Amino acid sequence: MATTTMTMAKALNEGLRRAMDKNKKVLLMGEDIGKLGGVFRITDGLQKDFGEDRVIDAPLAESAIVGTAVGLAIRGYRTVVEIQFDGFVYPAFDQIVSQVAKLHKRSDGVYTMGLVIRIPFQGGIGAIEHHSESPEAYFAQTAGLRVVSCSTPNDAYWMIQQAIEHDDPIIFCEPKSRYWEKGEVDLENSPRGLFDAVVRREGADVTLIGYGASVKTMLRAAETASGEGVSIEVVDARSIAPLDLDVMAASLEKTGRLVVVQEAPHTASVGSEIVAELSERCFYSLRAPGLRVSGYHVPYPPSRIEDEYRPSVDRILDAVDRVMGFES
Amino acid sequence: MATTTMTMAKALNEGLRRAMDKNKKVLLMGEDIGKLGGVFRITDGLQKDFGEDRVIDAPLAESAIVGTAVGLAIRGYRTVVEIQFDGFVYPAFDQIVSQVAKLHKRSDGVYTMGLVIRIPFQGGIGAIEHHSESPEAYFAQTAGLRVVSCSTPNDAYWMIQQAIEHDDPIIFCEPKSRYWEKGEVDLENSPRGLFDAVVRREGADVTLIGYGASVKTMLRAAETASGEGVSIEVVDARSIAPLDLDVMAASLEKTGRLVVVQEAPHTASVGSEIVAELSERCFYSLRAPGLRVSGYHVPYPPSRIEDEYRPSVDRILDAVDRVMGFES
Amino acid sequence: MIDEQLVQLLTPEGERVAHAQYVSTLSGEEVFAMYRDMVITRRICNEGTSMQRQGQLALWAPVQGQEAAQIGAGRALGPQDFVFPTYREHGIAWCRGIPPRDWFRVFRAVSTGGWDPQKYRYSVPTVVLGNQALHAVGYAMGVQRDGSEEAVMACFGDGASSQGDVLESFVWAASFNAPVVFFCQNNQWGISSPSSLQSKIPLYHRAQGFGFPGIRVDGNDVLAVYEVTKRALENARVGGGPTMVEAFTYRMGAHTTSDDPTRYRVDAEVEVWKHRDPVERVKALLAREYRVKNVTFDEVAAEADALALELRDDVLAMGRPDPMTMFDNAYAAPHPLVDEGRSEMIALGVSGGPH
Amino acid sequence: MIDEQLVQLLTPEGERVAHAQYVSTLSGEEVFAMYRDMVITRRICNEGTSMQRQGQLALWAPVQGQEAAQIGAGRALGPQDFVFPTYREHGIAWCRGIPPRDWFRVFRAVSTGGWDPQKYRYSVPTVVLGNQALHAVGYAMGVQRDGSEEAVMACFGDGASSQGDVLESFVWAASFNAPVVFFCQNNQWGISSPSSLQSKIPLYHRAQGFGFPGIRVDGNDVLAVYEVTKRALENARVGGGPTMVEAFTYRMGAHTTSDDPTRYRVDAEVEVWKHRDPVERVKALLAREYRVKNVTFDEVAAEADALALELRDDVLAMGRPDPMTMFDNAYAAPHPLVDEGRSEMIALGVSGGPH
Ligand SMILES: Cc1ncc(C[n+]2csc(CCOP(=O)(O)OP(=O)(O)O)c2C)c(N)n1
Ligand SMILES: Cc1ncc(C[n+]2csc(CCOP(=O)(O)OP(=O)(O)O)c2C)c(N)n1
Ligand SMILES: [Mg+2]
Ligand SMILES: [Mg+2]
């Protein structure tokens, strides 16, 4: 097994490189992704190696970035679009919802909307406004799209390649606060399918489900809880839409208690979906209602107080306490 | 009590007229709303009576319609924006999410984002693509917005006025398939607050919750079910965000069984939210898992088969059967 | 309203007129063929309106008045070119060889597309105003990368010209020197909005502000539309970059069968444009210059009638799709929620099974 | 790169130059006051950069090189006018009388706004490129409805000029003849994107394609920016409609403190622009024409230093906000989920209670 240690940023970079090596039809497009290598340097060096025709520095207009990627898809290209920050995907929302999500259907299957929209998402980097949002629920709600998120360098490396190879359009959510954390990457074997959830830590009392940056927070919460005698199972959803409910339900059948963690506000969120689905699937096994620990229902706050907005270990443990104490 | 019979379209028209009479700062803006009176004639005659300065025919660009309404709000005007059809609100999504929802906060409360975005939504009129969508979940997920929907002419008349008077931005979802149905309108007394849910039919066995066009469908389902000995309570949510959970939970405490009805696909939907919240609030009272009857997870189909896509009486009754049969 | 700069090669009376930069290259046969195209397009369009009145269509978007714009542009296209239309380009669809019944699927509400867009090199209809302009530019960027001599046509109306997507597509086309022709049919109206609401100056000027040529052509003059569009396409194919062609024309009918134009425009305006009818002026030319006889015109009319009847039969035969088809092609790869929907529908007895 | 049409009243060497349409109306005192504004703006900007380096700010967006553009425009504004800025208009904010510490709140990440936008008639910063251009036009439509003689300024950069919102704002401004001045600082770069990626031709041409005047002014010449902007604002106030002013300038520093411009641009370019420094040329003019002494310049520098120190103290004193404040003004009216969040936070012991 050829594993090597690298950051998630580097793993994404290597994954993109490998996908471009494999398939000449793979293009990258986005703002500042060429010489600058993107504001997070995810595309560092790729324009130099693959040329300006394959790594396209885009004029500053997100609707056009996605809209032209659609045209390129119709022409048979596979474009990996970089949205510079989560808060800047909304100008492209119309193209994503009305075109990207629907053109395969509208063309009776003739058009392959094989494009990947990479979005550095979630908070935690002390940024200014619009740089810390969690827009995944908007895309999960939209029929025709798929939404995934990586939480480790190994997943980042493989998931980006799987996403590029996949024939449906994929919203690829990258937890920007984890870009610089290192991990082992297996360069030979992909760990699992793009839409598979995975149990990151086994436990018996409570199931925590989340994705992206929340996975590490959940693992820390589990660690703390184990010191207090509570055994927590941590599920990394990985695929936000569709959800891998089998893995989640299996965990819940065991623990009977559910807490979902997400940075987005809780109304009509992915967390709502997980709770609603598992309440149905595991009706008799649930020993307490499924709870959600989410961003508060307010605009993302100035980042000096973002730690109180984002689900913290404390807030997760508080919810764990509540599900543990429910029957008493 | 001065009641009079009119269609929902007329009730909205009268409500707008009264709001404009009361407050000179109220403007209307949208595509074709002047001489044409809007494609649904909701603004019929208003430009003639209030002038082109107050009933503004907009060039064809939704981002600009909402974006300029924001500027007008900053200047102290209250603009009621008409989006011609649900599927055309997405070009304005960025302005709605990044500006309309956040400017009150960003200005530390100085700016009042008193604007109303009217959206004829849901299907059922045999239209072509993009004319039958249910985008409410996108807005419900967004902190800073409120989302409401009317289901009767009386509600339409009052809710539009309440929405205009309210200081937060409101997404006002109008069930276009009900525009031409008539009902009694009380021109003197408003029936209830803008954010209150209401029990439209009392029942003992199952609670149906929905809004907009689904309310009538739910009532028909309840009628049919009563013939089969099942007593259904029908709750019209009216306020989609925030939800009036007290009214919903009270119903559920009584019936113990929940079915939510919506035309949007079920993932990360308002239905998911209702199920998740009520699973928590009514954990011990629930005799079966809360079910959702939703649009299928596919792009809205050609309208010749929309009746099979939208929640029908049959599909609702099927879900009712499932929650009724759950314990056996 | 009509600009000085308007390119015209045939007057409303059907007389040829000289232009400094353009000359008609069409033979008599070719002009006749276009006349036939226009007559058929109009006839089929009228059939659409009447089928809608009879409750056989959900909607119809008439093209009457715009036949010269569409046939001129449609015939200027090469087989290698690719078109991104809106909902009203029936004349261009005709030129691309798409069976008329296929354009009607959307209007009969049995499909959201209707033909194989790759086969005809004519994309599915775009209803959200302006979205397609960006697709066209993106496709054109693909053409550039393939090193191929093809041009791409983006169709949109005067109303859609205000949409951010169309305007961004201008930025991109200029920035990448994309082989795209923006074919804007300024039919004076966007539902009830006069084109003056979208621009106080002639629309084609807009292109120049983005750094590429815009040209206004008499959209009711098929000879002029053909030459202007052809040159723009040729220029695009050989790396000359984008052009905006504004076909100055008129929507003679309602916006769609749901519309009531009497609420917002005066008859006098329609009358003025009747004198500029695109079909009549070609007919006059053919009669005078090429001595085409009435009997020949009658034959064309009869052919169009026959086609319309055949079309009507085809359309009426389009049954309600199996509801199960809504799950087909929602995704390219298997999806659990789609499978769940299928199963539910089978369980409900709505459909016999997978399509 | 610099257009023939560029309006310039002061050369990089600080010599006056005649222009057919514009003449400087500023007295020596006024020029000196602007010099002072520019020096202070630069000094405060540099303080921003150094505070960020010291970990006291989350980010800083330097304005160095653009002082003339911003002070010229800022001083051209009347008290009745209203400005819609981006994140980089520190010089204009200074002219509006907003205490510098208030601009720093966003960059210290303790606020998403920072001042009372109605009091200063200067809106909160807009970070999503281009959104504010539509707000400006809407506000201007309000001014029209109030029958008031006010102008509105929409600020944006060369990069943002590609966004649909900016382009749609052009359509609307023209359509409604709105009293708005589009003040575009073309500082040659949008992060790493050269302005040539956004437009192959001078940006100000774009306005003309929408039917209103565009004008390019030497953005490093405060005299010229002042006159051009002032005339545009006056014209807007009296119903003359929109103007686009393209201030041709240069971002001397990094895009923000997070940026590394060495990755995408060459030193030689920066060197060229150093010779066009906006502050130096006014200084040269003042020294030569108005005999301002070095000691006076030193006094200005000392004043700027003092202000910067005061600012530093103010910024460092900005503590972490009470987390509870995130719930304030999320909505104007009570909202159950906001109340729920507040209660949860109190229960968690994060904050003592409602703010
Ligand atoms: C984004 C969007 N907004 C609104 C509509 C509704 N609509 C359909 S056609 C139309 C008018 C379009 O006018 P124009 O672009 O001139 O094309 P024409 O119909 O004249 O061919 C409108 C407003 C739409 N389809 N898409
Ligand atoms: C919609 C959107 N997309 C991307 C960004 C990220 N971004 C911030 S500033 C910037 C460059 C802007 O360039 P320009 O408009 O020239 O202004 P300048 O920074 O030069 O003042 C970009 C791409 C953003 N803020 N908003
Ligand atoms: Mg039109
Ligand atoms: Mg710039």
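For clarity, every value in this text was computed on a predicted model and none was experimentally measured.

Draft legend 1. Spatial organisation of the coordination of the magnesium ion (ligand 4). Residues and elements named next belong to chain D. Looking at the metal site, the magnesium ion (ligand 4) is ligated by D158 (OD), N187 (OD1) and W189 (O), spaced 2.1 Å from it. Mapping the donors of the magnesium ion (ligand 4) onto the primary sequence gives the spacing D-x28-N-x1-W. Taken together, the residues D158 in the loop between β2 (152–157) and α7 (164–176) and N187 in the loop between β3 (180–186) and β4 (189–190) connect sequence positions 29 residues apart. Classification of N187 as buried rests on a relative accessible area of 5%.

Draft legend 2. Seen up close, the coordination of the magnesium ion (ligand 3). Residue and element names in this part refer to chain C. Protein-derived coordination of the magnesium ion (ligand 3) comes from D158 (OD), N187 (OD1) and W189 (O), at a distance range of 2.0 to 2.1 Å. All donor residues of the magnesium ion (ligand 3) come from one chain, and their arrangement in sequence is D-x28-N-x1-W. Of this pair, D158 sits in the loop between β2 (152–157) and α7 (164–176) while W189 sits in strand β4 (residues 189–190), and the two are 31 residues apart along the sequence. A residue is classified by how much of its surface remains accessible, and D158, at 2% relative accessible area, is buried. We classify W189 as buried; its relative accessible area is 9%.

Draft legend 3. Region of the structure containing the pairing of strand β11 (residues 232–236) of chain A. All names here are of chain A. Summarising burial for β11: five of the five residues are buried, a large majority. Of the two faces of β11, the one lined by I232, V234 and D236 and the one lined by E233 and V235 are each fully buried. Direction of pairing for strand β9 (residues 198–201) relative to β11: antiparallel, over a ladder of three bridges. Bridge pairing in β11 links R201 to V234. Pairing geometry for strand β10 (residues 206–210) and β11, over five bridges, is parallel. Paired with V206 across the bridge in β11 is I232. Where the polypeptide runs from β10 across helix α8 (residues 214–227) and back to β11, its parallel neighbour, the crossover connection is right-handed.

Draft legend 4. View of the relation of the copies chain A and chain B. With an RMSD of 0.0 Å, the fit of chain A onto chain B corresponds to turning through 180 degrees and sliding 0.0 Å along the axis. Put plainly, the chains are arranged around a two-fold axis.

Draft legend 5. A look at the site of ligand 2. Neighbouring residues of ligand 2: 20 residues in total, closest E62 of chain A together with R88, V127, D158 and G159 of chain D. With respect to ligand 2, its neighbouring residues span chains A and D. G159 of chain D is positioned such that a nitrogen or oxygen atom in its backbone is 2.8 Å from an oxygen atom of ligand 2. In this structure, W189 of chain D approaches ligand 2 through a main-chain N or O atom, which is 2.8 Å from an oxygen atom. For ligand 2, whose accessible area on its own is 580 Å², the fraction buried by protein is 96%. Of the residues contributing to the shell around ligand 2, the split by class is nine nonpolar, seven polar and four charged.

Draft legend 6. Structural detail: the packing of aromatic side chains. In this structure the tally under the stated criterion is 75 aromatic pairs over all chains. Where F170 of chain D meets F182 of chain D, the ring centres are 4.7 Å apart and the plane angle is 50 degrees; that geometry is what we call tilted. With F170 of chain D in helix α7 and F182 of chain D in strand β3, this pair connects stretches of sequence that are 12 residues apart. Residue F170 of chain D shares its accessibility class with F182 of chain D, and that shared class is buried. An aromatic cluster is defined as three or more aromatic residues linked by ring pairs; in this entry it consists of F156, F170, F182, F210 and F212 of chain C together with F156, F170, F182, F210 and F212 of chain D. The side chain of K25 of chain A reaches across the aromatic face of Y77 of chain A, ending 4.4 Å from its centre.

Draft legend 7. The arrangement of the site of ligand 1 in detail. The environment of ligand 1 is formed by 20 residues, the closest being E62 of chain B together with R88, V127, D158 and G159 of chain C. Those residues lying near ligand 1 are distributed over chains B and C. Contacts to ligand 1 include R88 of chain C, whose side-chain N or O atom sits 2.7 Å from an oxygen atom. Surface burial for ligand 1 is 95%, taken as the share of its 570 Å² of free accessible area covered by protein chains. A breakdown of the residues in the shell around ligand 1 according to their chemical character gives nine nonpolar, seven polar and four charged.

Draft legend 8. Quick look at the sheet that holds strand β12 (residues 239–241) of chain B. All names here are of chain B. Within the open sheet, the seven strands sit side by side as β3-β2-β4-β5-β7-β6-β12. Their pairing is mixed. If you trace the sheet from one side to the other, it starts and ends with β3 (55–57) and β12, each paired once. With strand direction ignored, the average angle separating the axes of adjacent strands in the sheet is 20 degrees. Relative to β3, strand β2 (residues 26–30) runs parallel, the two being bridged by three bridges. By the bridge assignment, L28 is partnered in β3 with V55.

Draft legend 9. View of unusual backbone geometry. In this model, A241 of chain A is joined to P242 of chain A through a cis peptide bond whose omega is 0 degrees. Residue position: P242 of chain A is located in the loop between β12 (239–241) and α9 (245–255). Phi angles above zero are rare outside glycine, and H130 of chain B is one such case at about 75 degrees. Mapped onto the fold, H130 of chain B is located in the loop between β5 (116–121) and α6 (136–140). Overall, the relative accessible area of 2% leaves H130 of chain B in the buried class. Positive phi, normally seen in glycine, also occurs at N329 of chain D, with a value near 60 degrees. With respect to the helices and strands, N329 of chain D occurs in the loop between α13 (294–316) and α14 (336–347).

Draft legend 10. Highlighting the packing of helix α4 (residues 93–100) of chain B against helix α6 (residues 131–146) of chain D. With their axes 11 Å apart at the nearest point, α4 of chain B and α6 of chain D run at an angle of 85 degrees to one another. The orientation of α4 of chain B with respect to α6 of chain D, classified from their angle, is roughly perpendicular. Taken together, the residues of α6 of chain D that come into contact with α4 of chain B (itself represented by D94, Q95, S98 and Q99 of chain B) are N131, L134 and H135 of chain D. Looking at the contact of α4 of chain B with α6 of chain D residue by residue, the classes come out as one nonpolar, five polar and one charged.

Rules used in this analysis
- Residues numbered from 1 in each chain as written.
- Chains lettered and ligands numbered in written order.
- Predicted model: local features only at pLDDT ≥ 70, side-chain atom pairs only at ≥ 80, totals over all residues.
- Heavy atoms only, no water.
- Donors = N, O, S within 2.8 Å, 3.2 Å for Na, K, Ca; no water.
- Helix = DSSP H or I, 4+ residues; strand = E, 2+ residues; numbered from the N terminus.
- Buried < 20%, exposed > 50% of the residue type's maximum accessible area, 1.4 Å probe, protein only.
- Pairing = 2+ DSSP bridges.
- Right-handed = clockwise from strand over helix to strand, strands pointing away.
- Least-squares fit on C-alpha atoms with pLDDT ≥ 70 in both.
- Near = heavy atom within 4 Å.
- Polar contact = N/O pair within 3.5 Å; in protein donor to acceptor, adjacent residues only side chain to side chain.
- Areas by Shrake-Rupley, 256 points an atom, 1.4 Å probe, with all protein chains shown as cover.
- Nonpolar A, V, L, I, M, F, W, Y, C, P; charged D, E, K, R; others polar.
- Phe/Tyr/Trp six-rings, centres within 6.5 Å; stacked < 30°, edge-to-face > 60°.
- Lys NZ or Arg CZ within 6 Å of the ring centre and 35° of its normal.
- Axes fitted to C-alpha atoms, helices over the stretch in contact; angles between N-to-C directions.
- Parallel < 35°, antiparallel > 145°, perpendicular 65-115°, else oblique.
- Contact = heavy atoms within 4.5 Å.

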